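Okay, here's what each chain looks like letter by letter:
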Amino acid sequence: MPPVGRTIRVVGAGTALPGPPLDTAALAGRFGMDGLWRQWVDTFIGTRTRHLALDLETGEQRQTLADLATAAARAALDRAGLSAEDVDVLVLGTATPDTLMPTAVNVVADRLRIDGVPSFQLQSGCSGAVQAIDVAAALLGSGRYRTALVLGGDVIAKHYDVTADLGALPPDELVNYVLFGDGAGAAVLTTDDVPGAPVLRAVRTRLSGLDREPGQTLRWYGLADRHKAEPPASEDYKAIEELVPALAEEVAEELLDDLGWDRDDISYLLPPQLSPVMTDKITSRLAFPLAKEVSCVADTGNTGNALLFFQLEALLADMAAPARALAVAIESSKWIQSGLALERSADG
Amino acid sequence: MAETPPDWFVEILRDELDIDVTADDLTRSLDELPGWDSVKLLTLLVALERHTGATLSLPDLLEARTLAAVHETATR
């Protein structure tokens, strides 16, 4: 549904990536994989580079989610021309918090010297950024708050075993090593009238998981169950490949219907960022002939909750006026359809 | 028409890919093979490299449309 009551604008976005870009040859070298494996990644995944919050040689974690999210938040606030004091509510989405408690959102708030305001953290996947924006928009729309800092990110260090024998891993675990990357992003939303900043015309998230098995499972272990045989991370990539394009198409159609917009009205499309190969397929299927595609996954890898923020950062840097942008994200653990629409009108 | 692959090839499919193939499956189009996908292809090719000691090239193998043709290309 469109956020009603107050006009909400996206006034800044920022992102952070750890370490240098790692190409597939670097991964192949670390894991002792050969040219065939690199060709397979290039052909069926398509990711050129990704960033990892760990040292690929030693496996030592170098950055935390809170480190990256704090850097992204600072960049977003800078671009918005605001400071931490202006933030009166925070919402963060992640599937991979550094610790379950304290939550990452509160660690980030602490580092930014934000206190005395409400903060929320969502346990979320590839729809997490839209979910966080949806929550923030509802809070801003209520009139209780003026400026929201929305964050999202993931760090897969604890799942990334640099000593793994990729040749011996089952397929549902193998893909995780090449698909994902670490990163965080942030956006600042406000009800202030900021000319030139795109207006959030619609945001929607919807659970679509009834009777559907999870497409992705992330487990966490404690002292009593740490020796469980179940893999900490696995995915049903076949189900993802089949379902995500159809779910994405539904979201795009519904957003257009809600807003009364035509396909040709869309100048920018921010499609789901599973992998470059999947994103290309979905973008073709969504069929927005005049839209410029805004994607990041070929360079960042799939950064989960951070993806949309990378896309928003690129969009805000490029968005002309007038222009309309549509974003779609699908979460495939228990299947969440999500999307949002932004507009810059001719007068600003 | 590709030659019938040897038993060790069928064993790799069964033991490492968890695919029980019939003789017909070996010459069936990969698109029609239940459970077949690009990740299975990679697993098979990695296993073939290990078994044969040869270095394989993916572009050549993408031309193969059946398991028998994959075997023939990989062991050529």
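Residues numbered from 1 in each chain as written. Chains lettered and ligands numbered in written order. Predicted model: local features only at pLDDT ≥ 70, side-chain atom pairs only at ≥ 80, totals over all residues. Heavy atoms only, no water.

Chemist: Explanation requested: the packing of helix α1 (residues 24–31) of chain A against helix α2 (residues 35–45) of chain A in the structure shown.
Modeler: Residue and element names in this part refer to chain A. Between α1 and α2, the least distance of the axes is 10 Å, while the angle of their chain directions is 140°. Regarding α1 and α2, the two cross each other, and that crossing is right-handed. On the side of α1, the interface is formed by Thr24, Ala25, Leu27 and Ala28, while α2 contributes Trp37, Arg38, Val41 and Asp42. (Axes fitted to C-alpha atoms, helices over the stretch in contact; angles between N-to-C directions. Helix = DSSP H or I, 4+ residues; strand = E, 2+ residues; numbered from the N terminus. Left-handed = near helix turned anticlockwise from the far one by under 90°. Contact = heavy atoms within 4.5 Å.)

Chemist: Help me understand the pattern of salt bridges, please; the structure alone is not making it clear to me.
Modeler: Side-chain pairs of opposite charge can arise whenever the charged atoms involved come near each other. Under the counting rule described, the total for this entry stands at 22 salt bridges over all chains. Among the ionic pairs, Glu254 of chain A bridges to Arg204 of chain A, the shortest N-O distance being 2.8 Å. Taken together, the positions of Glu254 of chain A in helix α7 (residues 237–259) and Arg204 of chain A in strand β8 (residues 199–207) put the pair 50 residues apart, joining distant regions of the chain. In this structure, Arg65 of chain B engages Asp31 of chain B in a salt bridge whose closest nitrogen and oxygen atoms are separated by 3.1 Å. Of this pair, Arg65 of chain B sits in the loop between α4 (58–62) and α5 (67–74) while Asp31 of chain B is found in the loop between α2 (23–27) and α3 (38–52), placing the two residues 34 residues apart along the sequence. (Salt bridge = Lys/Arg side-chain N within 4 Å of Asp/Glu carboxyl O.)

Chemist: Teacher, can you tell me more about a negative patch on the surface here?
Modeler: On the surface, Glu213, Asp236, Glu241 and Glu242 of chain A cluster together into a patch of negative charge. Locating Glu242 of chain A in the fold gives a position in helix α7. (Patch = residues over 30% accessible without salt bridge, like charges linked within 9 Å, V, L, I, M, F, W, Y side chains within 5 Å. Areas by Shrake-Rupley, 256 points an atom, 1.4 Å probe, with all protein chains shown as cover. Lys, Arg positive; Asp, Glu negative; His and termini not counted. Charge placed at Lys NZ, Arg CZ, Asp CG, Glu CD.)

Chemist: Whenever I open this one, the pairing of strand β5 (residues 119–123) of chain A confuses me. Can you help?
Modeler: Look at any regular strand and the pattern is simple: side chains alternate between the two faces of the sheet. Residue and element names in this part refer to chain A. In this sheet, β5 lies alongside strand β4 (residues 89–94) in parallel orientation, the contact comprising five bridges. When the sheet's bridge partners are listed, Val91 is paired in β5 with Phe120. Viewed along the sheet, the connection from β4 through helix α4 (residues 104–111) into β5 turns out right-handed. (Pairing = 2+ DSSP bridges. Right-handed = clockwise from strand over helix to strand, strands pointing away.)

Interpretation note: all reported values are geometric properties and have no functional meaning in isolation.
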